[in-house]
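Remarks on the overall topology
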Amino acid sequence: MAAGYLEILRTRHAARLLVGTLTGRLPNATAAIAVVLFVRAQGGSYSLAGALTAVYGLATAAGQPLLGRAVDLYGQPRVMLPASLASALGMAGLALVGIEPVAPAYAAVLVAGLCTPPLEGGLRALWPSVLTREEQVHTAYAMDAIAQEVMFTVGPLLVTLGIALWSPATALLVINALGVLGALSVVASEPSRAWRSAPREAHWLGALRSKGLLALLGSFFFVGLALGAIIVAASAYADDHGRDAIYGWLMAANGLGALLGGLVYGARQWSGTPEKRLKSLVALLAVGYLPLMLVPGVPAMAALATLSGVFLAPCIACAFIVVDRHAPRGTVTEAFSWLVTAFGVGTALGTAVAGPAVELGGTAASFAVAGAGGAAALLVLLATQRVLAADGRTQSVVGVAENDPTRAVEPGFS
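Reference entry: report on the structure contained in this document. All figures in this text were calculated on a predicted structure; none of them were measured in a lab.

Conventions adopted
- Each chain has its residues counted from 1, running along the sequence as written.
- In keeping with the predicted nature of the model, local features appear solely for residues at pLDDT of at least 70, side-chain atom pairs appear and are counted solely at 80 or more, and the whole-chain, interface and lining totals rest on all residues.
- Here the side-chain values reflect all heavy atoms present in the structure, with hydrogen atoms and water set aside.
- Only runs of H or I of at least four residues qualify as helices and only runs of E of at least two qualify as strands under DSSP, and these elements are numbered from the N terminus.
- Put simply, the radius of gyration uses C-alpha atoms, and a globule should come to 2.2 Å times the residue count raised to 0.38.
- Here, two residues are considered to be in contact whenever any of their heavy atoms come within 4.5 Å of each other.
- Calculation of accessible area relied on Shrake-Rupley with a 1.4 Å probe; when residues are assessed, cover is drawn exclusively from the protein chains displayed.
- Charged-residue counts in this description rest on Lys and Arg as positive and Asp and Glu as negative, His and the chain ends being excluded.
- Think of each charge as sitting on NZ of Lys, CZ of Arg, CG of Asp or CD of Glu.
- Each residue after the first adds 1.5 Å to the expected span of a helix.
- Relative accessibility under 20% of the residue-type maximum defines a buried residue, over 50% an exposed one, and the middle range a partly exposed one, all with a 1.4 Å probe and only protein chains included.
- A pair of aromatic rings is counted whenever rings of Phe, Tyr or Trp (Trp by its six-membered ring) have centres within 6.5 Å, and the orientation is called stacked for planes under 30 degrees apart, edge-to-face for over 60 and tilted otherwise.
- We count a charge as sitting over a ring when the NZ of a lysine or the CZ of an arginine lies within 6 Å of the ring centre and within 35 degrees of the ring normal.

This part is about the overall build of the chain. Scanning the chain for helices and strands turns up 18 helices and zero strands. Taking 414 residues into account, the globule formula puts the C-alpha radius of gyration at 22 Å, and the chain, at 21 Å, falls close to it. The C-alpha extent of the chain, read off along each of the three principal axes, is 60 × 45 × 40 Å. Long-range pairs, those at least 24 residues apart, make up 83% of the contacts in the chain with a sequence separation of at least 6. Of the roughly 17000 Å² of accessible surface on the chain, a fraction of 69% belongs to carbon and sulfur atoms. Distance from the positive charge centre (24 side chains) to the negative charge centre (21 side chains) of the chain: 6 Å.

Structure, rendered in structure tokens:
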């Protein structure tokens, strides 16, 4: 199983790009917990902490596709590094100024969110130039999804370690400094410097003019909603059982399931079109959410949480392939960034909806929101399957890679 992953990591530039991207994304992966802990240490309320976190999340969702389009137009180094520096300076402003007065605090997180570099989409655009075979690119997408699960597990631990060693403000500064170093490692690499987007048709909608991409974004909005609901529902379950540690165990179990599922998915080659495969994976993901509504005892609930995560990483990895097939030429980074945005906005809405569901119907009702989100994601794919089938490109990933050095360079890439 591990042979395919090791082969990729031994490929020149691959390990550097993966590690650099994950390090560069640490500020975004840890922003929610870092901001909350910083605000509380400053004597601020949970309401203020939640509001600042929401502003950061919404700003990130808005900034990703805009910066992704800029990357497609001007290249990675010209956009990624300045954006990373600006985002880090925003968080540094929060750490140094604090929450009084509150207006600069909001401005700081707004800048930090808007300028979060689209490293996630940028890495996926680079894989075809680093790897030589189509199946390797698909395995790399799975490895990327697995690495995300690890990052979102390790990242919060790094924040709490930084706070224990120094302070919440220093932890913010260190995490964002690491983010800049990660982005620098990526954009200074040969593949990033050499990458060029394909010539693109001028269109104000950019990547969103693809109907197939819009269908995928609609589905993954609801996948994000389901995940956001689970975050709140797991907390409510822990409250019901009187032990805060249960929340951590449930989320860790969910992450473990995603990790195992991603490892298995990426270790083999799959036949058939990725659009059909994605439909099956989302169906299995939706089914996996339904037993959570039973809210059994803690051991059984941990097992169900693990099961509910098994198909998440495979769904994400398969979605990456579908994005690449449906993104209009010259918009690949923007298209991947839109997927990040749709997923993130869905997650935010899921947390917002699951809260009232707990108050009105109890913990089972909040888990039902997750089940409904999974079902809605599947329904979107079923309703748009003709669009997805019609728009999917038939060429291989390598054949349509947007980094062919023999292709004519678009004006502006001198």
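Before going further, it helps to spend a moment on helix α9 (residues 168-187). Think of an α-helix as turning once every 3.6 residues; residues three or four places apart then point the same way. Look at α9: 29 Å from first C-alpha to last across 20 residues, which is about the 28 Å you get at 1.5 Å a residue. Of all the residues in α9, the buried ones are Pro 168, Ala 171, Leu 172, Ile 175, Asn 176, Gly 179, Val 180, Gly 182, Ala 183, Val 186 and Val 187. Its buried side turned inward, α9 meets α2 (14-24), α3 (26-41), α5 (76-97), α7 (119-130), α8 (134-165) and α10 (190-194).

Right, let's talk about the packing of aromatic side chains for a bit. Scanning the entire structure with this criterion turns up five aromatic pairs. Centre to centre, the rings of Tyr 141 and Phe 336 are 6.3 Å apart; their planes meet at 65°, and the pair counts as edge-to-face. Here Tyr 141 is found in helix α8, whereas its partner Phe 336 is found in helix α16 (residues 332-361), with 195 residues between them in sequence. Arranged with centres 5.3 Å apart and planes meeting at 20°, the rings of Tyr 265 and Trp 270 form a pair that is stacked. The class of Tyr 265 is buried, set by a relative accessible area of 6%. For Trp 270, a relative accessible area of 38% gives the class partly exposed. Counting every residue linked through ring pairs, the aromatic cluster contains Tyr 141, Phe 320 and Phe 336. Here the basic side chain of Arg 268 rests over the ring of Trp 270, its NZ or CZ set 3.9 Å away from the ring centre.

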